[in-house]
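Now for the letters of each chain:
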Amino acid sequence: MVFDPPAAGRREFLLRVLRVGGVSAATLGGAAWLRSRSDKPRESDVLVADRRTGVPTDPGLPEMVVAQGESPQALLRRALDELGGIRRFIARGDVVVVKPNIGWDRGPEQAANTNPVLVAEIVRVCQEAGAKRIVVTDVSCNDARMCFEHSGIAAAAKDAGADVILPDERRFREVNLGGDVLTTWPVLEPFLSADKIINVPIAKHHSLTGCTVGMKNLYGIIGGQRSRLHQRINESLVDLTAFVRPTLTIVDAYRVLMRGGPTGGSLADVEFKKTLLAGTDPVALDSYAAKAWWDLDHQRLPFLRIAQARGLGKANFEEVRTKIVTV
């Protein structure tokens, strides 16, 4: 079933889908189209110039897919199909870095880290596309070894065939990120050598920014004293997004930490949304999740406005081509 509501109702329609959940999407039928209204350390210049891991836009495909259902694996595969298939993003022989949130020494049920089941399935689909190597890594906030283990991500990713890399000091390189705030900073090496980068945040509350989705998740590519960046967190988030330019962003919203983020801990703060967002516009994905679950307009989230001004995406999420599916 194809559904194209009046332009004036697109925003409200999209928000209702996430807030009500699968029932709303099911009521609408299988699918709905919403069309647009439509510092110079070593090699720094080369590294910045080569950070183009995105794919060309295709006006015949959605820029954002909202998938709702019971199985995280099925949500992923359906969302990728709707976006044109995994081979649109991953070519045979690619080195792919999968960047989940593995920031905290928490279990999967606490929803502070990305769902390990989803991470493992992303590894599998990249293998099916012919990727030469798939790396799963993150720069954790808590002790990395404990985070990787207790999140369940290290075991799940290894079992699926990925190389799991801990953020050891020897793996960082000083790089000029070329940002307005972020200039020379230590970056975890796999992010510099990857052909493709898949950003896989978990949507959750954040005490400083109100919520954290894809753009904030990119803090996990850098080392150093990241707390220093909080003084200009909005600009630094945009700088990181401009530097990484992820090939694809897949937002895990199966369990959502609605309060007490980013660390969480209480299961009372976790709600099942059984949703996955995926797309090529990292700004629209962040803006949509922030408004739907935390009622945060992009006017209250300066990093979204700055990112749009720098051409990284659309803060008005209702303006991107969106497809909604139930699985």
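Enquirer: Please provide a residue-by-residue account of the pattern of salt bridges, values included.
Expert: Two side chains of opposite charge can pair, provided their charged atoms sit close to one another. Taken as a whole and assessed by the stated rule, the structure comprises 21 salt bridges. Here R77 makes a salt bridge to E128, at a shortest N to O gap of 2.9 Å. With R77 in helix α4 (residues 72-82) and E128 in helix α5 (residues 116-128), this pair connects stretches of sequence that are 51 residues apart. Close ionic contact of R259 with E271 constitutes a salt bridge, the shortest N to O distance being 3.8 Å. Within this pair, whereas R259 is found in the loop between β11 (248-257) and β12 (270-279), its partner E271 is found in strand β12, the two being separated by 12 residues in sequence. On the accessibility criterion, R259 (38% relative accessible area) is partly exposed. Taking relative accessible area as the criterion, E271 reaches 30% and is therefore assigned partly exposed. Beyond isolated ion pairs, a larger network of salt bridges with shared partners links R11, K291, D295, D297 and E318.

Enquirer: I'd like a rundown of the environment of V325, residues and numbers included.
Expert: Note that V325 resides in strand β13 (residues 322-326). For V325, a relative accessible area of 0% gives the class buried. Remark: the alpha-carbon pair of V325 and G69, spanning 256 residues in sequence, is separated by 8.8 Å.

Enquirer: Provide a residue-level description of the nonpolar core, including the pertinent values.
Expert: By size, the foremost hydrophobic cluster in this structure holds 62 residues, and its most contacted members are Y288 and W293. Take this core: its biggest share by element is 9 residues, from helix α11 (residues 282-294).

Enquirer: How would you summarise the pairing of strand β2 (residues 64-68) if you had to cite specific residues and measurements?
Expert: Along β2, 5 of the 5 residues are buried, which leaves the element largely enclosed by surrounding structure. What you see with β2 is no split at all: M64, V66 and Q68 on one side and V65 and A67 on the other are buried throughout. Summarising the sheet, β2 and β12 pair through 5 bridges and their orientation is antiparallel. Note on β12: the bridge partner recorded for V65 is A278. With 5 bridges connecting them, β2 and β13 associate as parallel partners. The residue of β13 that forms the bridge with A67 is V325.

Enquirer: So what about the packing of helix α1 (residues 10-20) against α11? Which residues, and what values?
Expert: Orientation of α1 relative to α11, taken along the N-to-C sense of each, is 65°, at an axis distance of 9 Å. Taken together, α1 and α11 sit at an angle that is classed as roughly perpendicular. Our pair here, α1 against α11, has a crossing hand that is right-handed. Along the contact surface, α1 presents R11, L14, L15, V17, L18 and R19, while α11 presents Y288, K291, A292 and W293. Classifying every residue of the contact of α1 with α11 by side-chain character gives 7 nonpolar, no polar and 3 charged.

Enquirer: Describe in detail the packing of α11 against helix α12 (residues 302-309), supporting the description with residues and values.
Expert: Closest axis-to-axis distance for the α11/α12 pair is 10 Å, and the angle between their directions is 155°. By the angle class used here, α11 and α12 are roughly antiparallel. The chirality of how α11 crosses α12 is left-handed. Residues V283, D286 and S287 of α11 lie in contact with α12, whose contacting residues are F303, L304 and A307.

Enquirer: Help me get a handle on the layout of surface pockets, residues and values and all.
Expert: Taken as a whole, the largest pocket encloses approximately 460 Å³ of empty space. In terms of lining residues, the largest pocket is bounded by 26 residues, among which V139, S140, C141, Y219 and R226 are the most central. Across the lining of the largest pocket, the residue classes break down as 8 nonpolar, 12 polar and 6 charged. Its volume calculated, the second largest pocket comes out at about 390 Å³.

Enquirer: Help me get a handle on the side chain of T114, residues and values and all.
Expert: Mapped onto the elements of the fold, T114 is located in the loop between β3 (95-100) and α5. What makes T114 buried here is its relative accessible area of 0%. Only 2.9 Å separates the side chain of T114 from the backbone nitrogen of N101, close enough to count as a polar contact. If we ignore the near neighbours within four places in the chain, the residues touching T114 are P100, N101, V119, I153, V200, P201, I202 and D252.

Enquirer: Lay out the packing of aromatic side chains with the relevant residues and their values.
Expert: Evaluation of the coordinates by the stated rule reveals 3 aromatic pairs. When the ring of W293 is compared with that of W294, the centres are 6.3 Å apart and the planes differ by 85°; the resulting orientation is edge-to-face. The burial state of W293 is the same as that of W294; both residues are buried. Between the NZ or CZ atom of K216 and the centre of the ring of Y219, over which it lies, the distance is 4.4 Å. One residue, K274, lies across the ring of F272, its end atom 5.9 Å from the ring centre.

Calculation rules
Position numbers for residues count from 1 along each chain, tracking the sequence in the order it is written. Side-chain atom pairs in this predicted model are given and counted only at pLDDT of 80 or more, local residue features only at pLDDT of at least 70, and totals for whole chains, interfaces and linings cover all residues. Excluding hydrogens and water, the side-chain values take into account all heavy atoms of the structure. Salt bridges are defined as contacts in which a side-chain nitrogen from Lys or Arg sits within 4 Å of a carboxyl oxygen from Asp or Glu. Elements are defined by DSSP. Helices are runs of H or I of four residues or more, strands are runs of E of two residues or more, and each kind is numbered from the N terminus. Working definition: with a 1.4 Å probe on protein chains only, accessible area under 20% of the residue-type maximum means buried, over 50% means exposed, and in between means partly exposed. Only buried residues count toward a nonpolar core. Its members are Ala, Val, Leu, Ile, Met, Phe, Trp, Tyr and Cys residues joined through side-chain atoms within 4.5 Å. Between any two strands, pairing holds if DSSP finds at least two bridges. Lines fitted to the C-alpha atoms define the axes, with helices restricted to the stretch that makes contact. Angles between their N-to-C directions range from 0 to 180 degrees. By the definition adopted for this analysis, an angle is roughly parallel if under 35 degrees, roughly antiparallel if over 145, roughly perpendicular if from 65 to 115, and oblique otherwise. By the definition used in this description, the sense in which the near helix is turned from the far one sets the handedness, with an anticlockwise turn below a right angle giving left-handed and a clockwise turn giving right-handed. Contacts are assigned to residue pairs with any non-hydrogen atoms lying within 4.5 Å of each other. All residues other than Ala, Val, Leu, Ile, Met, Phe, Trp, Tyr, Cys, Pro, Asp, Glu, Lys and Arg, Gly among them, are scored as polar; the first ten of these are nonpolar and the last four charged. Site definitions follow a grid-based scheme: protein atoms alone, a 1 Å grid, a 1.4 Å probe that fits but cannot get out for cavities, and for pockets an open set with protein on both sides within 12 Å along at least five of seven lines, plus lining residues having an atom within 4 Å of a point. Grid points are joined across faces, edges and corners, and a volume is the space filled by probe spheres set on the points. Polar contact is the term for a pair of N or O atoms within 3.5 Å; when the atoms are in protein, one must be able to donate a hydrogen and the other to accept it, and sequence-neighboring residues count only if both atoms are side-chain atoms. Pairing of aromatic rings covers Phe, Tyr and the six-membered ring of Trp, with a centre-to-centre limit of 6.5 Å; geometry is then stacked below 30 degrees between planes, edge-to-face above 60, and tilted otherwise. By the criterion adopted, a ring carries a charge over it if an Arg CZ or a Lys NZ lies within 6 Å of its centre and within 35 degrees of its normal.

Read these as spatial facts, not as claims about activity.
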